[in-house]
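Residues per chain, in single letters:
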Number of protein chains: 2
Amino acid sequence: MKAFITILIFCSFFSLDAQDHPNLILTPEGVKSIRTSQGKIPLFDRTVEAARNQVDAQIEMGIDVPIPKDLAGGYTHEKHKSNFFTMQKAGVLFQITGEEKYATYIRDMLLQYAEMYPTLGKHPAERSYARGKFFWQCLNDANWLVYTSQAYDCIYDWLDKKTQKKLNKELFRPYAEYISIENPQFFNRIHNHSTWGNAGVGMIGLVMNDEELVDWALNGLDIKVPGDFVKDNDGGAIQLEGQKEAGFFAQLDNAFSPDGYYTEGPYYQRYAMYPFLIFAQGLANKKPELGILDYREGLLIKAVYALIDQTNSAGEFFPINDAQKGMSLASRELVNAVSMAYHYGGKDAELLSLIEAQNRVPLNDSGLSAASGIASGDTKPYSFESQELTDGANGDEGAIGILRSSDLTLMMKYAKHGMGHGHFDRLGFLLYDGEKEVIQDYGSARWVNIEHKDGGGYLKENKSWAKQTVAHNTLVVDKDSHFDGNVEAAEKSSGTPYYFSSSDNVQLVSAKEMNAYDGVQMQRTMAVLDIEELENPLVIDLFSVLAPEGTRYDLPLYYLGELMSTNQKFKTNNDLTPMGNNDGYQHLWLEAKAELTDDVFRMTWFNEKNFYTMTSAVTEGDQALLTRIGANDPNFNLRRDPGLIHRRTGGNTLFASLYEMHGSYNYSDEIPNNSFTSIANLEVLFDSEEYAVIEFKLESGEKYVFAFSLSDKSEESNHKIEFGEMGLEWKGPYEFKKSTK
Amino acid sequence: MKAFITILIFCSFFSLDAQDHPNLILTPEGVKSIRTSQGKIPLFDRTVEAARNQVDAQIEMGIDVPIPKDLAGGYTHEKHKSNFFTMQKAGVLFQITGEEKYATYIRDMLLQYAEMYPTLGKHPAERSYARGKFFWQCLNDANWLVYTSQAYDCIYDWLDKKTQKKLNKELFRPYAEYISIENPQFFNRIHNHSTWGNAGVGMIGLVMNDEELVDWALNGLDIKVPGDFVKDNDGGAIQLEGQKEAGFFAQLDNAFSPDGYYTEGPYYQRYAMYPFLIFAQGLANKKPELGILDYREGLLIKAVYALIDQTNSAGEFFPINDAQKGMSLASRELVNAVSMAYHYGGKDAELLSLIEAQNRVPLNDSGLSAASGIASGDTKPYSFESQELTDGANGDEGAIGILRSSDLTLMMKYAKHGMGHGHFDRLGFLLYDGEKEVIQDYGSARWVNIEHKDGGGYLKENKSWAKQTVAHNTLVVDKDSHFDGNVEAAEKSSGTPYYFSSSDNVQLVSAKEMNAYDGVQMQRTMAVLDIEELENPLVIDLFSVLAPEGTRYDLPLYYLGELMSTNQKFKTNNDLTPMGNNDGYQHLWLEAKAELTDDVFRMTWFNEKNFYTMTSAVTEGDQALLTRIGANDPNFNLRRDPGLIHRRTGGNTLFASLYEMHGSYNYSDEIPNNSFTSIANLEVLFDSEEYAVIEFKLESGEKYVFAFSLSDKSEESNHKIEFGEMGLEWKGPYEFKKSTK
């Protein structure tokens, strides 16, 4: 308590009333509230304390502003990165505590940057389409500016005019010009790179009252991108087809769907959210007349919810498209985003449970608001709901469907391609049991920022393996990736949502893909069913294809865990060669193969503590291939994960499978429970262009039938089909019932 | 509180004073204490409550005593197993609560067993050398008797005389005879199987006051094992060479070293401890004149400590010999053992921290004692210390050496073979970073009790892979396993401890192996050093060999994680074939190979959150092979783990390596710290039959020299050697110092 009193006394020297700044993320009123609540809001106090420890340690170490040299992971890169994080925190601490050592630290560091800046050319590393100065790419220079402008705002009024002017003129204005008008191919895109650029330039413009910079940031540059910039380093187009506008508003118009889904997927959305939200906070504070938080019906807040909803039980994002697995709600970007959504989005008490798990808050009005809510005991658990999130600026370019039921989370993707970071994975899916992957998406082939691995950037196996269709849980036709692996072709269309329903005991998603292969129509229908005889919800997977006779289908399933047993005779290979030369097959070993017999193919695996069984209907001539990732991998960049490919040659066909999560086992009592599947049989009763009907039988004797109308999804339509000596009548897109046959 | 009052009133009907039983594990006095402490000792109350829930649920389901049919994992096996666990708990609950439903449940179940028993021949499964009746092996029948005798003791005085007599005569006496005199090849061994047999027979003898059974249990049978029983199903000898005695005392004399180490290793020690300790408790209660807990200077309590000390930070046992990984202090056997060691071993408050982590106690005097200690706030953290645990009945047949320093745990094995469950792994080691494996031991190839995997028993890959030398982190000569993979040959000798020291900043273990290969002498010296410039302790590994020129050495290292980088040029294979035909090589794929150049071979890998680097001195002609387990594995029984083999052809030689644990990275902030090794170089300065001297240099410039005397370990000897233009003098077995060269 003594420390606080000392601080408050000290603070009395330093009145906020006569000041303009801070006015970007902190405001004079906000700072007042923070000061008066010190010692009363535990989570906020802890976060202040943690920040103080970090910044004090950095101050102790002294300032280092090295000549830029390294790529990500290298010393100079990581040092400049840590500098901007530290300055941002130091700025906040200066405002909260009034201790001048924090302001002095920022000023001295900025002066060193100001000395160095005019002497720098482009960063020596030449690999980026938009080389930065402090960093190898403008993107990181923009990161620096987004954080540093916040620090600068916090000490702006404290600086003497001369220093202010020097920094404005010799560091910040030229810096902002470099990443905007000098690099329009970076600044004027519809892309997360540009979002950072727009935010950095806009925020420093707000701090310096430089309206020109703010205008560039909001509305883009009236400069044509030189014609020699066509693609970025990830293969993404610099100019989107038909793109007319640029700048922050254009990002908001184009990057998100009305549901808040971001076409690059949650990993990049997380990254992009920070500049979107932090710049928006600055605009809300300084230019309230723009109504930025109400823009597109509160899009930015919706986007935070969309991010939260794209996670497993551990808060880890679905690793679709280029995404490093394990990125989660614990990230610094989400610490900012969730508190902001709480503060500006109506104080939704369910968000507080996520903030409690984050165990830190941003040091600003939002963070204080969230920490106060928690201290008041307002927290409610977050309800993760089944939902469809549309893609495309107008919400009419595909979607992802998320089905949840107790510990089960299933996600199917039928969205847009996702630009340069997209994967060729139309109609792919992933399945979680709590936080555990049951059917995995590989994610990206990359170790972000780890210099050992090609400087921490994308590895060449990202393109040759991770983006290819065979690396995903979706259909490969004739061993080619969707759209022949061509990003531009993939960008021209999206998957087609067909039906989505999340009623209590039948949850269902169905979508079509008409463009991935010429002359091939695909439709996948996945259902999550609560079945009273089973321990957990059951997943039905119906993959329907219309294609010419003689088409070769490979349907991969990337199960995670150790194979326990199958009902088929696999012949293992003792001489492994890559399964192909391209489209990802060059990275697969064929460990074993079976010519499928019997009515069903059944395989059980074990992962950590639980058992999982796939049961698939077998058609004559079907094969199963057990694969292992790792061929043609000279630098050991790929994980040696297992896979299963269901192979079939034919014309119009239906792949029907069930996925069951069951049982448990732990290593200290060694007692398995329910380690065998409860599914006795699975049969395709009817398969046409219009309908798919299956029946499955449990070991306990019950039979269930599931029927789906593939071409008429009206809730009012009546359907009647006959097969064998039986028939089925129902109303609406689907029927699910106990079979009385 | 109301429930307790009801119970106490009810209990007044049921006085303990006039009774003999229970007198095995529970005693009338103990039961009184338990009853009076109800509601006062939280951990004990919780355990009672949990037991009550379990047993009530079983009572609710009704009694099922099925005709024996299945192997482990199958219904009848698991049902009989769950029956004995439930009866044991029900017996205790009857004593604690006085509720007759528990006694009735046991009686009714026993009567069903008594009906069935006389009708049974041997179990239909024929795979065991000693087939049981309820189970496929006598071992499990003995398990049943150890638990059931406790239940029987609890209701013995409650039963009417007629039922008592019927059960004694028609069930228990013939049951005890079957697993003893009818199966001497099971009962009369020095082996954990016989420990269970001895305990079961002895305990039921104590309950029934059948002194003949108690005598057989304590002193073995005076029956010769029929000559056709030579080996058990695991290849272990039925009669040990020179074995004269059998029975419980002989087990105590032979199974443990004076340090409490059990030659089969901790996984089996854990399993064997339960019958050792539970029978000993019965003997302590009923035959205090035997002084069983003081036998061999308190051996049984020492053995509990030895078990505790053979774990990583998660309490998981070192998976040496046949051992399923993940078995830990959380197991039911250790729940009993640790509380008993607390109660009978001097109330060591450090044990309470382990019992707190177990979060349950046995429902007897020991458990009450431990739970009371915790409730009184006596708990202290357990200090895991570096130590050498000798093997052999007299402590003169090898040892294991355990070195610990902050998060680092290193274990080197130079013990006896470990009988039928031993692996050919002399001088092998394993290394942990907290609970994480850095250098792993494969463990056994088995999924205990999981029926999918060959009924839950040992898989054939256990012998063909897991036991072989190349599956371990130790030297393979000319591609043959130690002792040519012959258990009897291996049993004839042990490793030879040479030097062990655990002073503060240099911890050191050195041992020799003179018998594994004809004409080859091996000595491994491993040191754990605290070095001020490094984040974590550093490991030195010096493997010295004396052998004829032209010998082919393979030194495997089973690192766990993803390979980050190496300083060598590896050529990867795109056509994988098994690396050999036998001795485990048939299960290895060769993924990549390098002809080693440069002074050192350096390899960094990443596992979960941390980086690890091996630095090895290179001799001309050395090769490095990156391997993957999984060839010749038709049923997918083996994990696809990576390995590294350092290959050299030569005569006398020294393999010198350093293992460094460093840095960190997490997936939600993506910032790597200290991801590169701090070791700049490593050089062998001197290598002879008498000495090994290395020098390593840090990136920060400091150099360190480590010298070791391989043949004179006297602390008093002075050593002087010269090499190049330098020399080194020191006193005692080793020298470690900053080098001033």
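Our structure's up above, just so we're on the same page.
Below is a summary of the structure that appears in this document.

Procedures and definitions
Residues numbered from 1 in each chain as written. Chains lettered and ligands numbered in written order. Predicted model: local features only at pLDDT ≥ 70, side-chain atom pairs only at ≥ 80, totals over all residues. Heavy atoms only, no water. Least-squares fit on C-alpha atoms with pLDDT ≥ 70 in both. Phe/Tyr/Trp six-rings, centres within 6.5 Å; stacked < 30°, edge-to-face > 60°. Helix = DSSP H or I, 4+ residues; strand = E, 2+ residues; numbered from the N terminus. Buried < 20%, exposed > 50% of the residue type's maximum accessible area, 1.4 Å probe, protein only. Lys NZ or Arg CZ within 6 Å of the ring centre and 35° of its normal. Contact = heavy atoms within 4.5 Å. Buried area = accessible area lost by both parts, 1.4 Å probe. Salt bridge = Lys/Arg side-chain N within 4 Å of Asp/Glu carboxyl O. Polar contact = N/O pair within 3.5 Å; in protein donor to acceptor, adjacent residues only side chain to side chain. Axes fitted to C-alpha atoms, helices over the stretch in contact; angles between N-to-C directions. Parallel < 35°, antiparallel > 145°, perpendicular 65-115°, else oblique. Nonpolar A, V, L, I, M, F, W, Y, C, P; charged D, E, K, R; others polar. Core = buried A, V, L, I, M, F, W, Y, C linked by side-chain atoms within 4.5 Å.

Brief notes about the relation of the copies chain A and chain B
So, step 1. When chain A is brought onto chain B, the operation consists of a screw motion whose angular component is 180 degrees and whose axial shift is 0.0 Å, with 0.1 Å RMSD remaining. What we have between these two chains is a two-fold relation. By C-alpha distance to the rotation axis, the residue of chain A lying nearest is A:L576, at 2.4 Å.

Comments concerning the packing of aromatic side chains
Each pair of aromatic rings is reported with the distance of its centres and the angle of its planes.
So, step 1. A complete count under the given rule lists 97 aromatic pairs over all chains for this structure.
So, step 2. The interplanar angle of 85 degrees and the centroid separation of 6.0 Å between the aromatic rings of B:Y442 and B:W465 together place this pair among those described as edge-to-face. Placement of the pair is B:Y442 in the loop between β5 (436-439) and α17 (460-466) and B:W465 in helix α17, with a sequence separation of 23 residues.
So, step 3. For B:Y442, a relative accessible area of 3% translates into the label buried.
So, step 4. Taken together through their ring pairs, the aromatic side chains of B:F84, B:F85, B:F135, B:Y147, B:W196, B:Y267, B:Y268, B:Y271 and B:Y274 make up a single cluster.
So, step 5. Taking NZ or CZ as reference, A:R127 lies 5.8 Å from the ring centre of A:W136, over its face.
So, step 6. The side chain of A:K133 reaches across the aromatic face of A:Y178, ending 4.9 Å from its centre.

Quick look at the interface of chain A and chain B
So, step 1. Listed as interface residues are 55 residues of chain A and, on the opposing side, 55 residues of chain B.
So, step 2. Contact with chain B buries surface across chain A, with A:H452, A:F636 and A:E670 losing the most and accounting together for 17% of the total.
So, step 3. In this structure, the connection of chain A to chain B is made through 2 salt bridges.
So, step 4. The closest approach of N and O atoms between B:R640 and A:E591, which form a salt bridge, is 3.2 Å.
So, step 5. Here chain A and chain B share 21 residue pairs in polar contact (both at pLDDT 80 or more) between them.
So, step 6. Among the secondary structure elements, those contributing two or more residues to the side of chain A that touches chain B are α4 (75-97), α12 (266-286), β12 (562-566), β14 (588-595), β15 (600-607) and β17 (623-629) of chain A.
So, step 7. The element that contributes the greatest number of residues to the side of chain A that touches chain B is β12(A), accounting for 4 residues.

Notes on the packing of helix α14 (residues 332-344) of chain A against helix α16 (residues 365-375) of chain A
Residues and elements named next belong to chain A.
So, step 1. For the pair α14 and α16, the least separation of the axes is 8 Å and the interaxial angle reads 80 degrees. Comparing their axes, α16 and α14 come out roughly perpendicular. Contact with α14, carried on its side by S339, M340, Y342, H343 and Y344, involves D365, S366, G367, S369, A370 and G373 of α16 and no other residues of that element.
So, step 2. Classifying every residue of the contact of α14 with α16 gives 4 nonpolar, 6 polar and 1 charged.

Quick word on the nonpolar core
So, step 1. If you look at the biggest cluster of nonpolar residues, it comprises 131 residues, and the most contacted ones within it are A:F44, A:L110, A:W144, A:Y152, A:L171 and A:F172.
So, step 2. Look past the residues within four positions of A:Y152 in its chain and what remains in contact with it is A:L110, A:L159, A:Q164, A:L167, A:N168, A:F172, A:I204, A:V207 and A:M208.
So, step 3. B:I106, B:Y178, B:F186 and B:L283 belong to the second-largest nonpolar core, a separate cluster that totals 130 residues.

Re the environment of A:E297
So, step 1. Structurally, A:E297 can be placed in helix α13 (residues 295-309).
So, step 2. Of the residues examined, A:E297 reaches a relative accessible area of 71% and is grouped as exposed.

Digging into the pattern of salt bridges
So, step 1. In the structure shown here, the tally under the stated rule is 64 salt bridges over all chains.
So, step 2. The salt bridge involving A:K325 is made with A:E437; its shortest N-O contact spans 2.8 Å. Remark: A:E437 occurs in strand β5 (residues 436-439) and A:K325 occurs in the loop between α13 and α14; sequence separation between them is 112 residues.
So, step 3. The exposure class of A:E437 is buried, given its relative accessible area of 18%.
So, step 4. Where B:R189 meets B:D232, a salt bridge forms, and the shortest distance between an N and an O atom there is 2.9 Å. With B:R189 in the loop between α8 (184-187) and α9 (192-208) and B:D232 in the loop between α10 (211-219) and α11 (248-255), this pair connects stretches of sequence that are 43 residues apart.
So, step 5. Note on B:R189: relative accessible area 1%, which makes it buried.
So, step 6. Taken together, the shared-partner salt bridges in this structure form one network comprising A:R173, A:E177, A:D210 and A:E212.

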